[in-house]
Every structure is written in C-alpha cells, then in structure tokens.
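# Descriptive analysis of the structure
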Amino acid sequence: MANPKRKHSKARTRKRRSVYYGGLSRPDTMQCERCGSTKLRHRVCPSCGTYRGRQILQMEEAA
C-alpha cells in the first residue's frame, strides 16, 4: 500500500477542495403557475400546494 512521504499543506488541500465547493450553484427556481410565488423546480408549491396543475396538498387558508 502506498503511503505519502510528506504531509499535504493547507494551501494544497484547500486548492483541491475549492474545485468542488466553488462549483456549487444555487438551485433553479421558477414561478408557480397558480399563485405566482417562487418555488423549486419539480417540487410542490409551498404556498398553494399544487404541482403541474393538480392540487397535491390541502393548504389551510389564513383567517
């Protein structure tokens, strides 16, 4: 089994990690067709509870 001869420096480790952590982007969002609020794509709308024009969750109306 091969073993490293020297310890990797913090700079070298951080350079390697920056490729992955620096490449992450924000998830895509879109407007809900029914209520117009912002939601994640391919998810049920948290405001009105619909997905692709169908009512999935029964949301309680604010009194």
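Scope of this entry: the structure provided in the associated data block. What you see is a predicted model, and the numbers here were worked out from it, not measured in a lab.

A few words on the environment of K39. Of note, K39 is situated in strand β2 (residues 38-40). A C-alpha to C-alpha distance of 8.8 Å links K39 and D28, two positions 11 residues apart in sequence. Once residues within four sequence positions are removed from consideration, K39 is found in contact with D28, T29, M30, C32, C45, P46 and Y51. There is a polar contact of 2.9 Å between the side chain of K39 and the backbone oxygen of R43.

Applying the stated rule across the entire model yields 1 aromatic pair. Ring plane angle 75 degrees and centroid distance 5.1 Å describe the contact between Y20 and Y21, whose orientation is recorded as edge-to-face. Given a relative accessible area of 58%, Y21 falls into the exposed group.

Here we come to a nonpolar patch on the surface. Together, V44, I56, L57 and M59 make up a nonpolar patch on the protein surface, roughly 310 Å² of accessible area in all. Topologically, I56 is positioned in the segment after β4 (54-55). Overall, the relative accessible area of 44% leaves I56 in the partly exposed class.

About the thresholds
- Residues numbered from 1 in each chain as written.
- Predicted model: local features only at pLDDT ≥ 70, side-chain atom pairs only at ≥ 80, totals over all residues.
- Heavy atoms only, no water.
- Helix = DSSP H or I, 4+ residues; strand = E, 2+ residues; numbered from the N terminus.
- Contact = heavy atoms within 4.5 Å.
- Polar contact = N/O pair within 3.5 Å; in protein donor to acceptor, adjacent residues only side chain to side chain.
- Phe/Tyr/Trp six-rings, centres within 6.5 Å; stacked < 30°, edge-to-face > 60°.
- Buried < 20%, exposed > 50% of the residue type's maximum accessible area, 1.4 Å probe, protein only.
- Patch = residues over 30% accessible without salt bridge, like charges linked within 9 Å, V, L, I, M, F, W, Y side chains within 5 Å.
- Areas by Shrake-Rupley, 256 points an atom, 1.4 Å probe, with all protein chains shown as cover.
- Salt bridge = Lys/Arg side-chain N within 4 Å of Asp/Glu carboxyl O.

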